[in-house]
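Each chain, letter by letter, is given below.
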Amino acid sequence: MASAELQGKYQKLAQEYSKLRAQNQVLKKGVVDEQASSAALKEQLKMKDQSLRKLQQEMDSLTFRNLQLARRVELLQEELALSEPRGKKNKKSGDASSQLSQEQKSVFDEDLQKKIEENERLHIQFFEADEQHRHVEAELRGRLATLEAEAAQHQAVVDGLTRRYMDTIERLQSDKARLEVKSQTLEKEAKECRLRTEECQLQLKNLHEDLSGRLEDSLSVISEKVPFNDTKYSQYNALNVPLHNRRHQLKMRDLAGQALALVQDLVTALLNFHTYTEQRTQIFPVDSAIDAVSPLNQKFSRHLHENASYVRPLEEGMLQVFESVTENTVTVLETTVKLKTFSEHLTSYMCFLRKILPYQLKSLEEECESPLCTPALTARNLELSQDMRKMTAVLEKLRTYVALLALPSTEPDGLLQTNYSSILTHVGAALHGFHDVMKDISKRYSQKAALEHELPTATQKLVTTNDCILSSLVALTSAAGKMASFFSNNVGYLTASLSYGPRAASGFTSPRAAECMLRYKQKAAAYVQAVRKPLVESVPYAEALANRRVLLSSTESREGLAQQVQQSLEKISKLEQEKEHWMLEAQLAKVKLERGTQRLADTLRSGGQQEGAAPGPGAPAHAHAEPAQQSASVPDAESREDLIKNHYMARIAELTSQLQVADSKSVHFYAECRALSKRLALAERSKDSLTEEMRLASQSVSRLQDELTTTKRSYEDQLSMMSDHLCSMNETLSRQREEIDTLKLCSRGNSKKNKSR
């Protein structure tokens, strides 16, 4: 838990450090850019100052030149003023000199005019230069103010980053101290783990020596006892019976059952489609009840009537394939012989489809030539004929691939094992193509049926037949989609299951080898079944010991229970003997009673006959005496029989009660023994559960030890990485401090220069 928290803190610190480092890089770049811009501005300012000085020097020189010219103009004016009076006095004598002065004056005027124009131009240049200088100076002052503000902001950011770096350094130093303490504890644990590792290595060495000795013994036994290694050659190894994989066989049987159900749905849909198509040829475009059907549709109907003889065998062939996949067989392509039968049935059905395809196309063309057929219906019929061709082509491709899959069970050289997976992939692609074609056919036929229902001559029989054909096409599309999805979902398992066979081999070499292997498997199963004899039911030794302990610890000892059981058995035997004796006595008494009753009835009958005859003169006394004796003897016999009967009934009731008591005691003993056996079974279960828990606990202990070793190793690696990272962070922090100091110095120098300016 502490390591997880530490790792989380370390990750947070690393993230913050990366963020601060990125911000620092951005700030450094900004400072460098500002320094470059400030240097450029300083250079521009220096150049402007130089140009300003040049202009000032030119201005000074122009001013001096103007002053000189002004002085010269004044002198010339004074001379002109002095020369005018002289000219008046010496008017006559100075015509020549006046002409000369006039020429000089014109020259002076031209020179003065040029100087005035030059002075004006220089004034204009000076004014423009002064205005430009002022504008540039104002712009530079504004930029200098913005740069000073940005420098202040950067300085504030640098100060904040410095504080954050200092806090981060302190926090990292505290974490470093804590990690050092933890590293010391982990080093101690690592030492203990090293000691345990040495012990484990010693145990591993001993185990390796033991296993190497066992391996040598096994190799010697194999070399001495085994006559030849049949797994070395693929031809011999193919005859070996592979390990029985019941899960694989159950999975294959389940897949075969699902495939059988899908094929049954497909067969039902095909039967309905062909049957309803046959009915449609009898009612459209000409109803057979009204007019004669065309010879083409008659032949087409006759061929469609035979569809069951081609479609039904598909279901029967798939049923044979399903029945051949049992739990006791080995299901691969070499042993699936019934797949050849299914392939033959599919080939016969494809011959049927190729036979009816021209009739179907001609029938559609005949519908198009009917005067009631609209252009839209003609277009649908043409599209439907193209889809029918596509369906036949797709099924032909599927038949080819199924025939290739059936080759390994009949012709070993017909298909290589390396091509099994590609063939299965092509089968899945063909099924998907069949599904797509059936969707197109269903769509086209629904449009065609809708257009036919709008015709004025459409009858209810045609509408019903079209609906039935549409339902059969929908069922056929659904069955094709289910088959495609089923095959695409299980193609990986089918490809992997093809390698199922004898161990250390790539598979069966030929169908004959697979057949021999199945015979050997049956013989082995029969031999094991014959050898296996039912064991006599007996109490296991452990259970008998537990029963003995329970019996000894119970209230009644084993001897007492045995005596009671023996006495009960003796009483039961005696009662059985008495029961048989008295049953015999009862039978004898019953026989005697029957004889007595018969004799009495005979005597009564003879007495009645004598009474009915005429008696002699001396006969009355004798006749009266005999009935009296008989009447006296009958009550005595009845009383004796009642007494015997009552005695026997009482004896039987007594014996029955004794037998019931014995039965109840035996039931009680049986219940007690059953309870003891249940207690023993519970004890055994608890023992098994405890052993299992102990095994799981030992496994968990070993697993925890392994986890501990791996955790310690990871901690050691993390500590080494963290120490390296701390060293690198210390170096980066020192570099950042130096950079911060240099930035501070640069900012202070810039601020001083700005103040001096």
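Residues numbered from 1 in each chain as written. Predicted model: local features only at pLDDT ≥ 70, side-chain atom pairs only at ≥ 80, totals over all residues. Heavy atoms only, no water.

**Focus: the overall build of the protein chain**
Basically, it comes down to this: Only DSSP runs of H or I covering at least 4 residues are called helices, and only runs of E covering at least 2 are called strands; the numbering of each starts at the N terminus. Contacts are assigned to residue pairs with any non-hydrogen atoms lying within 4.5 Å of each other.
Within the protein chain, the secondary structure is distributed over 14 helices and zero strands. Along the protein chain, helices (α) and strands (β) appear in the sequence α-α-α-α-α-α-α-α-α-α-α-α-α-α when read from the amino end. A separation of at least 24 residues holds for 86% of the contacts in the protein chain among residues at least 6 apart in sequence.

**Observations concerning the packing of helix α7 (residues 338–369) against helix α8 (residues 375–406)**
Going by this rule: All axes are obtained by fitting lines to C-alpha atoms, using only the stretch in contact for helices, and the reported angles, taken between N-to-C directions, cover 0 to 180 degrees. Roughly parallel covers angles under 35 degrees, roughly antiparallel covers those over 145, roughly perpendicular covers 65 to 115, and oblique covers all other angles. The hand of a helix crossing depends on one turn: near helix anticlockwise from the far one by less than a right angle means left-handed, and clockwise means right-handed. Residue classes follow a fixed rule: Ala, Val, Leu, Ile, Met, Phe, Trp, Tyr, Cys and Pro count as nonpolar, while Asp, Glu, Lys and Arg count as charged, and any other residue, Gly among them, counts as polar.
In the contact formed by α7 and α8, the axes pass within 10 Å of each other and the chain directions differ by 165°. Considering their axes alone, α7 and α8 lie roughly antiparallel with respect to each other. Here α7 and α8 pass one another in a crossing that is left-handed. Among the residues forming the contact of α7 with α8, the class breakdown is 16 nonpolar, seven polar and six charged.

**Here we look at the packing of aromatic side chains**
Just so we agree on the cut-off: Stacked, edge-to-face and tilted labels apply to pairs of Phe, Tyr and Trp rings (six-membered ring for Trp) whose centres lie within 6.5 Å, assigned for plane angles under 30 degrees, over 60, and everything in between, in that order. The rule is simple: take the accessible area with a 1.4 Å probe, protein chains only, and divide by the maximum for that residue type; under 20% is buried, over 50% is exposed, in between is partly exposed. For a ring to carry a charge above it, either NZ of a lysine or CZ of an arginine must fall within 6 Å of the ring centroid while also lying within 35 degrees of the normal to the ring plane.
Throughout the structure, instances matching the rule amount to two aromatic pairs. Judged by centre distance (4.8 Å) and plane angle (15°), the ring pair of Tyr-310 and Phe-352 falls under stacked. One end of the pair, Tyr-310, is in helix α6 (residues 308–324); the other, Phe-352, is in helix α7, and 42 residues separate them in sequence. Given a relative accessible area of 21%, Tyr-310 falls into the partly exposed group. Aromatic pair Tyr-349 and Phe-352: ring centres 6.2 Å apart, planes at 35°, arrangement tilted. With Tyr-349 and Phe-352 both in helix α7 and three residues apart, the pair spans about one turn of that helix. Following the ring pairs from residue to residue traces out a cluster consisting of Tyr-310, Tyr-349 and Phe-352. A cation over an aromatic ring shows up here: Lys-251 above the ring of Tyr-493, its NZ or CZ 5.6 Å from the ring centre. In this structure, Arg-253 packs its charged tip against the face of Phe-322, placed 4.3 Å from the ring centre.

**Some remarks on the environment of Arg-444**
By the element assignment, Arg-444 lies in helix α9 (residues 420–453). With 65 residues separating them in the primary sequence, Arg-444 and Ala-379 have C-alpha atoms 9.8 Å apart. The residues contacting Arg-444, other than those within four sequence positions of it, are Arg-380, Glu-383, Leu-384 and Asp-387.

**Things to note about the confidence of the model for the protein chain**
In low-pLDDT regions, the fine details of the predicted coordinates are not to be read closely. Our working definition: The predictor's confidence in any single residue is recorded as pLDDT, a number from 0 to 100.
Of the residues in the protein chain, 82% have a pLDDT of 70 or more, and the chain-wide mean is 78. Low pLDDT, under 50, characterises residues 612–634; the stretch is placed with four contacts to residues that sit more than four places away or in other chains.

**Description of the pattern of salt bridges**
Stated formally: Salt bridges are defined as contacts in which a side-chain nitrogen from Lys or Arg sits within 4 Å of a carboxyl oxygen from Asp or Glu.
Per the counting criterion, the structure on display carries 19 salt bridges. For Arg-141, the salt bridge identified is with Glu-137, shortest N-O distance 2.9 Å. Of this pair, Arg-141 and Glu-137 both sit in helix α2 (residues 95–225), four residues apart, roughly one helical turn. You can call Arg-141 exposed: its relative accessible area is 56%. Residue Lys-448 pairs with Glu-367 through a salt bridge whose shortest N-O separation is 2.7 Å. One end of the pair, Lys-448, is in helix α9; the other, Glu-367, is in helix α7, and 81 residues separate them in sequence. Take Glu-367: its relative accessible area is 6%, and that puts it in the buried class. Put simply, Arg-280, Glu-367, Lys-448 and Glu-452 are held in one network by salt bridges that share partners.

**Considering the nonpolar core**
The test is simple: Buried Ala, Val, Leu, Ile, Met, Phe, Trp, Tyr and Cys residues form a nonpolar core when they are joined through side-chain atoms within 4.5 Å.
Ranked by size, the top nonpolar core spans 68 residues in total, and within it Met-391, Val-427, Phe-434 and Ile-441 carry the most contacts. Ranked by the residues each element gives to this core, the list is headed by helix α4 (residues 246–283), at 13 residues. Residue contacts for Ile-441: discarding those within four places in its chain leaves Leu-384, Asp-387, Met-388, Met-391 and Leu-473.

**Some remarks on the side chain of Ser-385**
Relative to the helices and strands, Ser-385 resides in helix α8. Residue classification places Ser-385 among the buried residues on the basis of a relative accessible area of 9%. Residues within four places of Ser-385 in sequence aside, it is in contact with Leu-361 and Leu-364.

**Thoughts on α7**
This is how it is decided: Helix span is expected to be 1.5 Å times the residue number reduced by one. Here the bend at a residue is taken as the angle between two axes, fitted respectively to the seven residues that end there and the seven that start there.
With 32 residues, α7 should cover 46 Å at 1.5 Å per step; its first-to-last C-alpha distance of 47 Å lies within 8% of that length. Remark: the principal bend of α7, roughly 30°, maps to Ile-356, with a proline, Pro-358, within the next four residues.

**Focus on the packing of α8 against α9**
α9 packs onto α8 with a crossing angle of 160° between their chain directions and a minimal axis gap of 9 Å. As the angle between them shows, α8 and α9 are arranged roughly antiparallel. Handedness of the crossing formed by α8 with α9: left-handed. Counted by class, the contact of α8 with α9 contains 22 nonpolar, four polar and eight charged residues.

**Things to note about helix α5 (residues 295–304)**
Put simply, the rule reads: The directions considered for the arc are those from the helix axis to the C-beta atoms.
Of all the residues in α5, the buried ones are Asn-297, Phe-300, Ser-301, His-303 and Leu-304. Burial along α5 is one-sided: seen end-on, the buried residues are contained in an arc of 160°. Contacts made by the buried residues of α5 are with α4 and α7.

**So, a nonpolar patch on the surface**
Short version of the rule: Residues form patches when they are more than 30% accessible in relative terms and have no salt bridge. Like charges link within 9 Å. Nonpolar side chains (Val, Leu, Ile, Met, Phe, Trp, Tyr) link within 5 Å. Each accessible area is a Shrake-Rupley result for a 1.4 Å probe, and residues are judged covered by the shown protein chains and nothing else.
A grouping of Leu-204, Leu-207 and Leu-211 is seen on the molecular surface, where their side chains present a nonpolar patch of about 290 Å² in accessible area. Its place among the elements puts Leu-211 in helix α2. Residue classification places Leu-211 among the partly exposed residues on the basis of a relative accessible area of 46%.

**Topic: the environment of Met-483**
By the secondary structure assignment, Met-483 is in helix α10 (residues 460–497). With 221 residues separating them along the chain, Met-483 and Leu-262 place their C-alpha atoms 6.4 Å apart. Beyond its immediate stretch of four places on either side in the chain, Met-483 contacts Leu-262, Leu-266 and Leu-431.

**Remarks on the state of the cysteines**
Applied cut-off: In what follows, a disulfide is any cysteine sulfur pair within 2.5 Å.
Per the counting criterion, the structure on display carries zero disulfides. Considering cysteine sulfurs only, Cys-193 is the nearest to Cys-200, which forms no disulfide, with 9.8 Å between them.

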